[in-house]
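# Geometric and topological summary
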Amino acid sequence: MKIGLCVFLSSCWETASWLIGRGHERGASERMSRRRGGRGARGAERTDAGDDATAAALSFLREAAGRDQPRLEISDAFEGDRFPNVVVTPTGAVLLVYGADMVRVRRSGDGGASWGTAVEVAHGIHGGGVTVDELTGHVLIFVEDEHPPAPLRLFRSTDDGLTWAPMPTRVLPNAEGHVMAMHFNEKGLSLRGGQHNGRLLRAARWYAEGDYDFAMPQHYTAVVYSDDHGATWHASEPFPAKGTGEAALAQLSNGSIVCNSRRHWAPPPEKRSVDSFWHSSETKRRWAALSSDGGETWGSAARELLDLPDGPQGSDFGLFGGLARLDAHADILLFSNCDTPGSDRRNGAVWLSFNGGDRWPHKRVMSSGQFGYSSLAAGRAGTPSEGWVYLFFEAGKATREIKVADGYFQAGALGRIARFNMAWLTEGLEL
């Protein structure tokens, strides 16, 4: 069943000065000083306009925004489930993957104007990281038997997302002997160009002793990558910040890869409360690191992105967010998360970066209601998806609980798909 809603909205842009934390070793006083001394968004735009990459990004945005009237359309896609990923295949088919205990897929062949019925892939929890192999056109879905750590199964579609079948796979341990879990991360990548052309890459997580409060200081984000189309996965070095998990990846025009991660916990001296170890100012903002070797290493320090909230700012536990790159020739990135000073997950927004995710000077609110996990994907040129951006998100509060080893996790959220064009995203923005 599809319930369509087409919304033409006036601009609700908010500009913000944006600055990048230089690493988790810096103190709060320096971060506050950098906030006070930072340039405003418009000043940053004018300065960066001389940079070739930013100029290319602005040129792309002007052209894309001038093609159509602003459009934002939102429809219901799933009921009573969780954990969204959205991908666009080389033909322009849009796939929505969802599932807390039964992973299902809905497909659109007309750019999201209509949707086919849900296809069941497998019992189990969606591991995220849905990956489109650009060399073969195949699509991979990761399913774990239950909330990890748990056995993994891989499913592949060779017919553009119409049908799915199991595929043998193995995930090798990293140098520390850790075997990464898949749940839950943003869609994967198929690298383009350079030494690692065609490499499949997706974010993963080390859960240590499990998804427990006491284990979170040992958790970390990592990446798994495959050079044989998904048969074998190697683990990267750990993301350079502990307490992280639920990450998103994007490849930039220079071939480097940005990893943007949620953070559940931060170590002393940053933490505010000894009693509640994850209650830290460091868990209110996203963290990022770069790889220049195809996702194998991530440098010695992660950066705190002061522009990007990690979930409700009245809470300290973060929130999974979406990430997408818009154009192959310009480093325009979009990020989705909730935008609220309170503790509820609501008020979903999209942030815009002109320079590969270093700065995020603008955002636009997309939905004022409940807004949980979200995933982003851009349409492809020459297909029915061209000109659209897809945002698949959890809406409404969870309606059921799913049993795990010694507890429960909440599920049952409504899954909604939004599609918007660049005219909507940039409405009211001076380019």
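Residues numbered from 1 in each chain as written. Predicted model: local features only at pLDDT ≥ 70, side-chain atom pairs only at ≥ 80, totals over all residues. Heavy atoms only, no water.

## Focus on the side chain of His196
Positionally, His196 belongs in the loop between strand S14 (189–190) and strand S15 (200–206). Of the residues examined, His196 reaches a relative accessible area of 17% and is grouped as buried. Apart from residues no more than four positions distant in its own chain, His196 is found in contact with Leu191, Asp293, Gly294 and Glu296. (Helix = DSSP H or I, 4+ residues; strand = E, 2+ residues; numbered from the N terminus. Buried < 20%, exposed > 50% of the residue type's maximum accessible area, 1.4 Å probe, protein only. Contact = heavy atoms within 4.5 Å.)

## Quick word on the confidence of the model for the protein chain
Averaged over all residues, the pLDDT of the protein chain equals 86, while 84% of them reach at least 70. pLDDT under 50 marks residues 1–50. Its contacts with residues more than four places away, or in other chains, come to 114 contacts. Taken as a whole, residues 270–279 scores under 50 in pLDDT and shows 28 contacts with residues more than four places along the chain or in a different chain. (pLDDT = per-residue confidence, 0-100.)

## Section: unusual backbone geometry
Pro149 follows Pro148 through a cis peptide bond whose omega is 0°. Within the fold, Pro149 resides in the loop between strand S10 (139–144) and strand S11 (152–157). Cis peptide bonds are those with omega within 30 degrees of zero, and the linkage from His183 to Phe184 qualifies with -15°. For Phe184, the position within the fold is in the loop between strand S13 (170–171) and S14. Even without being a glycine, Phe83 presents a positive backbone phi close to 75°.

## Overview of the sheet that holds strand S4 (residues 85–88)
What links the strands of a sheet is backbone hydrogen bonding, and the strands pair in either a parallel or an antiparallel sense. With antiparallel pairing, 4 strands are arranged side by side in an open sheet as S4-S5-S6-S7. Here the strands that pair on one side only, and so sit at the sheet edges, are S4 and strand S7 (119–123). Sheet twist, expressed as the mean angle between neighbouring strand axes with direction ignored, is 20°. In terms of strand pairing, strand S5 (residues 94–98) meets strand S6 (residues 102–108) through 5 bridges, oriented antiparallel. The residue bridging Val97 from the neighbouring strand is Val105, located in S6. (Pairing = 2+ DSSP bridges. Axes fitted to C-alpha atoms, helices over the stretch in contact; angles between N-to-C directions.)

## As for the nonpolar core
Counting residues in each nonpolar core, the largest one holds 41 residues, and the members touching the most others are Leu334, Met366, Leu391 and Phe420. The biggest single contributor to this core is helix H3 (residues 52–65), with 5 residues. Every residue in contact with Leu391, bar those within four places of it in the chain, is listed here: Ser336, Val350, Met366, Phe371, Ser374, Ser375, Leu376, Arg416, Ile417, Ala418 and Phe420. With 16 residues, the next largest nonpolar core counts Leu191, Leu201, Ala241 and Leu249 among its residues. (Core = buried A, V, L, I, M, F, W, Y, C linked by side-chain atoms within 4.5 Å.)

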